[in-house]
Amino acid sequence: VWMVRTGRAPREHAATVPAIHRPLATADHVRRELGSDPVSVGDVLALGITPGQLRAAVTSGALVRLRKGIVALPTADPPGSNTPDRDGWTCRRADHVREARSALLALGDGSVVSHVSAAVLLELPLPHVGDWPTEVWVTAPRHGRVLAGTHRRLGEVPAPDLVQVEGVGCTGTARTALDLARRRPLQHALVTLDAAARRDGLDALWSAYDRLTWQRDRRALRDALAVADGRSESPLESSSRGVMLRAGLPRPELQVWLTDRSGRSHRVDFLWPQPRVIG
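Given the structure is predicted, the values throughout are model-derived calculations rather than measurements.

Definitions and limits used
Residues numbered from 1 in each chain as written. Predicted model: local features only at pLDDT ≥ 70, side-chain atom pairs only at ≥ 80, totals over all residues. Heavy atoms only, no water. Helix = DSSP H or I, 4+ residues; strand = E, 2+ residues; numbered from the N terminus. Buried < 20%, exposed > 50% of the residue type's maximum accessible area, 1.4 Å probe, protein only. Contact = heavy atoms within 4.5 Å. Polar contact = N/O pair within 3.5 Å; in protein donor to acceptor, adjacent residues only side chain to side chain. 1 Å grid on protein atoms, 1.4 Å probe; cavity = no way out; pocket = protein on both sides within 12 Å on 5 of 7 lines; lining within 4 Å. Points joined across faces, edges and corners; volume = space filled by probe spheres on them. Nonpolar A, V, L, I, M, F, W, Y, C, P; charged D, E, K, R; others polar. Salt bridge = Lys/Arg side-chain N within 4 Å of Asp/Glu carboxyl O.

Engineer: Account for the environment of Arg246, with residues named and values stated.
Structural biologist: Looking at the element boundaries, Arg246 is found in helix α11 (residues 235-246). On the basis of relative accessible area, Arg246 is assigned to the exposed category, the value being 55%. Expressed as a C-alpha distance, the spacing of Arg246 and Leu186, which sit 60 residues apart in the sequence, is 7.2 Å. Setting aside its immediate chain neighbours within four residues, Arg246 contacts Pro185, Leu186 and Gln187. Among the polar contacts made by the side chain of Arg246, one reaches the side chain of Gln187 at a distance of 3.1 Å.

Now the structure itself:
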């Protein structure tokens, strides 16, 4: 069409990659050099990509702007999708890991993922059904920046309470459980405390408790930790036991094997031996 209208052959540079494919070439270059994780705009520009090329890649969808100054390659499935390969929980967790990684990259001030966001990364049960994070929870130093889309708690996390999950720095299992149990009713606190005790042992929880720097609510948290039990096998069992203890019932024994008169064995969730009651 160009030759018919002008009567001239196109210039040599017009035979390069068509404009519609250039954003894909930009994204491929980012993937080769920086990988598929979220990256800062500064790192992208350092590759020799111009601001115009970056804008074109974002406009076309070849790159996705996660937050100010942070871009990433698009995911295979859109956020929140539910396909046979990405069930609902796995999909939501992957999306939150991505958001957490981009938040820490934007903050860049020693912040770490914590509280409910850390529980999602560590695959710990959340204390309550409605606790799924709508923002990325971080624990930040007192000079930390305020960033949209994050919920910031001021504080320092000692090195023994830090772990890396898929390249994201976050609080470890014991510290996360303690953070979530703080200021919670017992039936919610035990959900994460029991899960952490089952995974890492009660000694790890007590050690993390001794490293806490905040003073408020320590007594209530210590009382909840005193009745935590790693033998509890599910969030509903932990929550049920919390309700029982708050109601004043004696502390039950957990996961006890009993033999009936016919010689068959049964394992019960709760047992009160003295009144001969099982739950």
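Engineer: How would you sum up the side chain of Thr171? Please name residues and give values.
Structural biologist: Looking at where Thr171 falls in the secondary structure, it is placed in strand β8 (residues 168-171). Within the structure, the side chain of Thr171 is placed 2.7 Å from the side chain of Thr176, a separation counted as a polar contact. Setting aside residues no more than four positions away along its own chain, Thr171 makes contact with Val112, Val113, Ser114, His115, Ala118, Leu122, Val157, Asp161, Val163, Thr176 and Asp179.

Engineer: An account of the layout of surface pockets is requested, with residue identities and associated values reported.
Structural biologist: Each pocket or cavity is described by its volume, and for the second largest pocket that value is around 280 Å³. Forming the boundary of the second largest pocket are 14 residues, of which Leu154, Gly155, Glu156, Arg175 and Trp214 lie nearest the centre. Among the elements of the structure, β5 (136-140), β6 (150-154) and α7 (173-181) are those that each provide at least two residues to the lining of the second largest pocket. Here the lining of the second largest pocket is built from residues that sort into 4 nonpolar, 4 polar and 6 charged.

Engineer: Summarise the pattern of salt bridges; cite the residues concerned and give the values.
Structural biologist: A full pass over the atoms with the stated rule returns 13 salt bridges. Across the salt bridge formed by Arg231 and Asp229, the nearest N and O atoms sit 2.8 Å from each other. Here Asp229 falls in the buried class, since its relative accessible area comes to 10%. The network of salt bridges with common partners includes Arg93, Glu123 and Glu166.

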